[in-house]
Every structure is written in C-alpha cells, then in structure tokens.
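Geometric and topological summary
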Amino acid sequence: MNTMHSRGLLACLFAMAGSVGAQQAMPEASGGMPEASVGVAADCPVLLQEAEAHFEQGHQAASAKRWKEAQQQLRSASGEFLKVATACPTLATQANRQGDRATSELKLVEAAISHQGECLPRFDKALDLDLRAAAAKSDKGDPAEVERLLAEAETTWREAVAVCQSPHREKADKSLAATVKVRTANAELLSSGPACDAAWKNASALIDYAKGAWRDKRWDDAAMLYGKAVMAWEGAADKCSGTRQQQAQRKVEQTQIDAHNAEFCGPLWDGATDLSQRVKGAGNGVSATEKDQLSMRAEVAWRDASTQCRGNPQNLARSNADALARERGTPLPANAQALYGTRRPASVVEPVAVKTSVAATATAVTPSAATVLPVAREVVRTAVETTALAPAVAAPVAKVADAPQAGVRKEAPAETTLVAGDTTYKGHFTMDPKSGVVSGTGTVEWANGERFSGTLVDGRRQGKGRFNWVGGQWYEGDWADDRAVGYGTIQFPGGNRYEGAVADGEPAGRGTLIFASGDRYTGDFVRGLFQGQGSYAWKNGNRYDGAWHLGKKHGRGRLTWASGEAWEGEFRDDLKTEAGQSIAAAAH
C-alpha cells in the first residue's frame, strides 16, 4: 500500500508540473510579441533622434577639422541608423537615407585622417630629402651622399603616390618624376670616376674665385682666373664622359666669353656706367648744352663697350646707348667718336664700285666714285628711307643744279659699301654729313657677326627686315622705330619656330609656335608665354584646348587623348582639379 501510494503521489506531481509548463509556454506558442520587442518599437523615435544627434556632432567636428572626434561620432551615428532601419520598419527609409549621409561623411573624414597621418608626413619628408640633396649638390658635395638622399627621396615620393588622394597624388607623382631625373643625372657623376670629379671641382672652384674678383671689379684678376678656368674645364671635358663631358664643353665656351669680358669689357662698362649716373644726377644747375654733351659722352662710352663686350653684356650696352639717344632726342655728331671715344675710327669711307639702279620717283644725287664721306659712329639703331641725302663733299656729278624736268627719271642712290666703326653697310645707303646717320636699303653687318637686311630710316630699322643673331636665331617681319613690332617669324636656335604677332621681338598676341619635337601651339601670347585662349597639340595625338596662364593650363579647358577619351573642366597650374568630368571616346 505504501509503495502504491508513493507512486500515485509522484504521478500527480509530474502532471501538475506539466500543466504549469504548458501555461508558461502558451503566450509564445500563440504568437504573442516578446516583451523586449515591444520596448524597441516604443523607443524608435528616440533612437533615431540619438543617431541624428551623433551625426550632427560628427558633422560639426569635421567642419572644425577635429578629425578623430568626427570619426568617432560619425561611426556611432552610422551604426545607430542601421539599427533603427532594421528594428523600425516605419522609419527605415529615413534612417537609411541619414545612414548614407553619415557613411559618406565618415569616408571623407577617414580620407582626411589618412592625408594628415599618411600623406603629409611623406610629403614633408620627401621635400626635406630633395632640399638636402640640392644643397649637397650646390655645395659640390660627395655624389655618393647625393645619391643616398635622392634614393630615399624617390622611395618616399613613391609611398606618397600610393597613399595620397587627388590633387596631392598628382603633385607627388610629378615630384617623383623630377627626383628620378635628377638621380639619373647624378648617376653619371658617380660613373665618371674620381678623375672627372676632381677636375670638375677644380674648375668650379676657379669659377667661384673669378666671380669674386668680378664682383670686386678686379678685372685683371678676374681675366686671369677665368682664363685658368677655361683650361680646367677643357681638362674636365677630357676626363669626363657622356652628359657631363658635354656640360664641360659648354662651360668652356661660356668661360671663354667671361674671360674676354673681364679683360676687355669690364673696364669700359665701369666707365660707361659712371657717365650714365652722372647724366641722371645732372640737376638744374647744369645747362642743357652741358647735359647733352655729357649724354653724348655716355652714349659713345656704351657703344665702345658694345664693340668689346660679348654675349648678353653686348646687347645690354647697345640698349643703354640707344636709351640715351632717345632721351636726348638728337643723333651723335660726326666727330663724337673722335672727341669722346676710346678708339679712333677710320676717317674716310671709300665707296666701292657702284652699280646704279633707277627709281621712278628718286630725286637724290648719286655720288661718284671719288666722293669722300665723313664718318660718324653708327648707333645700332637701324631703319630706312628711300630718298638719299647729298654728300657733304661731292666730286663732279651729273648736272644737279637744274630742276628736274618732267618725264626725266633720276638715278637712285648707288650701291656702295660704308664702314663706320664696327659697322658695315652694303647696299643703297647714304650718310647724313652733319649727323652721321645712315639711311637706305641693304645689309648691315656688325663685327660680332650679327646682320640686318632691310631698310633704315635715320639709322633706325623700319618696314620689313630680317635680323640674324650670332647663335643662329633670326627674326623676319615688321619693324617700327627700330623695334620688332607687328607680324613676323622668329626662328629659335633649338629649332622652335614662331609665326604671328610680335612686340619688342617677343611673341605677343595671336600666333603659332611649332616645336622642334613636332608639338604645336596656336593661340594667345603675352611676352612670349601662353596666356589667354589657345590649343596645344602634341605629336603623339593628345590635345588641349582652353585657357592658359603664364605658360600653364589654367582655367576652363578640355584635354583629349589620342584614344578619343577626354577630360573637361577646370585646370589649375597645369593640373586637373576636382571640378571636371571624364568623357568617353565617341563610338565609331
């Protein structure tokens, strides 16, 4: 009995336990919402507000460039918007839209953090290495040390290209190319050997000493040092090879010019400079006659210097002389060179055998072979006039006293050769016996090899003419008052060629520049630079059409590749900006 009673009691307890378990499981089995879900639904607006508050805080921190704070807030906001979109169907659209904004701004912030922490440090390091390499090279340091600095700079620039975003990526890429180029040149120094390096250092040291003597106006010392430097550069050219040998050969030529100028040009330059300063300093106490006399002395001094100087100093001396003549407003008298010059010119000019030509309207007298003309020093201000002046001393000539009869043609100036100082005139030229100014048409040649073919009017180039420089450059076109102004062609020594508008001998206005490489630019120029609107066509088929500033693509433009693909938008300092778009090639 006791055993049966116990078993019945246990069965009853198990039945009761099952009933309670069933009752506790009923709500979930019947599909009722869990208590936790009811809480989330009730809190959806609050969760959305919290996410929006975090987003606004992140946005403000980003605007203030507090990047770390902005990253934390925007990352929290992005996660919270996702949670709301998942748990709150009625707010999903709004939460997803806000989440996209938070994610986009988070990417910008992370890019800025990367720029600050990854890009800029590499930029700064690479620039510092380039600077140190340039300083070592300038100080003629060990090429091996320069190579070490350049190698590290190249590696750092490559890292910058990999981690930086536009436009810093493009800048880093451009700097990388420049560093690689310098490193290649330095590699030649390393391969030239110690003999080349030693000769190069010796020649450079002599140049430095010569420059110091030049600055101190110790002309004898400067000439001597430059002369020794010429021999040192010749030795370097013998010991070096490749590009370095070519550089040494070019330095020989330049140093020879410097040595000549130190010996012959420098002293004359000092004297001319002193006279020019005295002209400028002449006050009201100096009479007009005395000031003109001082101006003529200074002009003759500059023209003497121009005959002795070479290279750029020669051109500057001529320009200074011309400036004095323009300021004074009167030409040099015939005896100016004899009175004020350091060298006495030839006293007469012997015309060569003449070959006369007849002009229908010419009324000037043709000088005979016995005519003797006084010589004035030519002022390198060339130009032309079709009517000639009668000589000061004339041998018997054909009847000139009678007035010209109707229908009778008079002979034009004879073809002759005139020599005035370092200037030779060949053609139909005459010289004013009082002023010494030359007018006519033909060829003017200077002792330094420069040459002008065209017309002179009162000693100034006028109309059409061609000027050839010693280095191979020439200009052919319009001249006005001794200036290359109007339309013409300029051939540069390197093979480039310009055709178009010019001002003072430089491309100015509309024109076309054809490069020796085959590239071509057509458009606006200002003082020889691309400025305004223009088109640049590369030989490989690429092309740019648009705005230019100081020789660089700058402003609105379109860059088209040979493949037909293009990019159109704003350029700044030769680089594309973010304000533009790519254009696919047109389908054929």
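1. Some remarks on the packing of helix α7 (residues 194-215) against helix α8 (residues 219-239)
- It is at 8 Å that the axes of α7 and α8 come closest, and there the two elements cross at 165°. As the angle between them shows, α7 and α8 are arranged roughly antiparallel. The interaxial crossing formed by α7 with α8 has left-handed handedness.
- A breakdown of the residues in the contact of α7 with α8 according to their chemical character gives 19 nonpolar, two polar and four charged.

2. Some remarks on the side chain of Thr179
- Within the fold, Thr179 resides in helix α6 (residues 168-192).
- At a separation of 3.3 Å, a polar atom in the side chain of Thr179 contacts the side chain of Asp130.
- A distance of 3.5 Å separates the side chain of Thr179 from the side chain of Trp157, its partner in a polar contact.
- Contacts of Thr179, omitting those with residues within four sequence positions, involve Asp130, Leu150, Ala153, Glu154 and Trp157.

3. Comments concerning helix α3 (residues 67-87)
- Under the 1.5 Å per step criterion, the end-to-end length of α3 is 30 Å for 21 residues, consistent within 8% with the ideal 30 Å.
- Buried residues of α3: Ala70, Gln71, Gln73, Leu74, Ala77, Ser78, Phe81, Val84 and Ala85, and no others.

4. Topic: the packing of aromatic side chains
- What the rule picks out here adds up to 23 aromatic pairs.
- When the centroid spacing of 5.7 Å and the interplanar angle of 45° are considered together, the rings of Phe515 and Tyr536 count as tilted. Placement of the pair is Phe515 in the loop between β9 (506-514) and β10 (520-526) and Tyr536 in strand β11 (residues 529-537), with a sequence separation of 21 residues.
- Summarising the aromatic geometry, the rings of Trp567 and Phe571 are spaced 5.2 Å apart at their centres and angled 85° between planes, so their arrangement reads as edge-to-face. With respect to burial, Trp567 and Phe571 carry one shared label: buried.
- Counting every residue linked through ring pairs, the aromatic cluster contains Tyr498, Phe515, Tyr521, Phe525, Phe530, Tyr536, Trp538, Tyr544, Trp548, Trp567 and Phe571.
- Sitting above the plane of the Trp474 ring, Arg466 keeps its charged end 3.9 Å from the centroid.
- Cation over ring: Lys553 sits above Tyr544, and NZ or CZ is 5.8 Å from the ring centre.

5. Quick look at a positive patch on the surface
- Together, Lys211, Arg215, Arg250 and Lys251 line one region of the surface with positive charge.
- When residues of the positive patch are traced back to their parent elements, those giving at least two are α7 and α9 (242-281).
- Relative to the helices and strands, Lys251 resides in helix α9.

6. Observations concerning the side chain of Asp482
- By secondary structure assignment, the location of Asp482 is in the loop between β6 (474-479) and β7 (486-491).
- In this structure the side chain of Asp482 is engaged in a polar contact, spanning 2.8 Å, whose partner is the side chain of Arg461.

7. What about the state of the cysteines?
- Taken as a whole, this structure holds four disulfides when the rule is applied.
- For Cys44, the disulfide goes to Cys88, at an S-S distance of 1.7 Å. Measuring handedness by torsion sign, the sulfur bridge of Cys44 and Cys88 sits at about -85° and is left-handed. Of this pair, Cys44 sits in helix α2 (residues 35-63) while Cys88 sits in the loop between α3 and α4 (92-138), and the two are 44 residues apart along the sequence.
- With a relative accessible area of 2%, Cys88 lands in the buried category.
- Across the disulfide from Cys265 sits Cys309; the S-S distance is 1.9 Å. Its S-S torsion of approximately 75° makes the covalent link between Cys265 and Cys309 right-handed. Here Cys265 is found in helix α9, whereas its partner Cys309 is found in the loop between α10 (288-308) and α11 (312-328), with 44 residues between them in sequence.
- Residue class for Cys309 comes out buried when judged on its relative accessible area of 1%.
- Here the disulfide map of the chain reads 1-2, 3-4, 5-6, 7-8, the bonded cysteines being numbered as they appear in the sequence.

8. Overview of the confidence of the model for the chain
- Put simply, the chain has an average pLDDT of 77, and 79% of its residues get 70 or more.
- In the predicted structure, residues 1-39 sits below a pLDDT of 50 and forms two contacts with residues beyond four places in sequence or in another chain.
- When the criterion is pLDDT under 50, residues 344-410 qualifies, and its contacts beyond four places in sequence or with other chains add up to 143 contacts.

The rules behind the values
- Once a new chain begins, its residue numbering starts again from 1 and follows that chain's sequence as written.
- Where local features are concerned, this predicted model is filtered to residues with pLDDT of at least 70; where side-chain atom pairs are given and counted, the filter is 80 or more; whole-chain, interface and lining totals use all residues.
- Only hydrogens and water are removed before side-chain values are computed, so all heavy atoms of the structure are retained for them.
- Here, axes are lines fitted to C-alpha atoms. For helices the fit covers the stretch in contact, and angles between N-to-C directions go from 0 to 180 degrees.
- Counting from the N terminus, the helices are the DSSP runs of H or I reaching at least four residues and the strands are the DSSP runs of E reaching at least two.
- Orientation categories follow fixed angle ranges, with anything under 35 degrees roughly parallel, anything over 145 roughly antiparallel, 65 to 115 roughly perpendicular, and all other angles oblique.
- Crossings are assigned a handedness: left-handed for a near helix turned anticlockwise from the far helix by less than a right angle, right-handed for a clockwise turn.
- Amino acids outside the nonpolar list (Ala, Val, Leu, Ile, Met, Phe, Trp, Tyr, Cys, Pro) and the charged list (Asp, Glu, Lys, Arg) are all regarded as polar, and Gly is one of them.
- Pairs of N or O atoms within 3.5 Å make up the polar contacts considered here, provided that, within protein, one atom can donate a hydrogen while the other can accept it, and that residues adjacent in sequence are counted only when both atoms are side-chain atoms.
- The criterion used for residue contact is that any of the two residues' heavy atoms lie within 4.5 Å.
- One fewer than the residue count of a helix, multiplied by 1.5 Å, yields its expected span.
- For every residue, the accessible area (1.4 Å probe, protein chains only) is compared with the maximum for its type, and the residue is labelled buried under 20%, exposed over 50%, or partly exposed between those bounds.
- Between the rings of Phe, Tyr and Trp (Trp by its six-membered ring), a pair exists once the centres lie within 6.5 Å; its type follows the angle of the planes, with under 30 degrees stacked, over 60 edge-to-face, and the other angles tilted.
- Counting as a charge over the ring demands two things of the Lys NZ or Arg CZ atom: a distance within 6 Å of the ring centre and an angle within 35 degrees of the ring normal.
- Patch definition: residues with relative accessible area over 30% and no salt bridge; like charges joined within 9 Å; nonpolar side chains (Val, Leu, Ile, Met, Phe, Trp, Tyr) joined within 5 Å.
- Each accessible area is a Shrake-Rupley estimate made with a 1.4 Å probe; only the visible protein chains count as cover when residues are assessed.
- What makes a salt bridge here is a side-chain nitrogen of Lys or Arg within 4 Å of a carboxyl oxygen of Asp or Glu, nothing more.
- When charges are tallied, Lys and Arg are placed among the positive residues and Asp and Glu among the negative ones, while His and the ends of the chain are skipped.
- Lysine's charge is taken at NZ, arginine's at CZ, aspartate's at CG and glutamate's at CD.
- The criterion for a disulfide is a pair of cysteine sulfur atoms lying within 2.5 Å.
- By definition, pLDDT measures how confident the predictor is in each residue, and it falls between 0 and 100.

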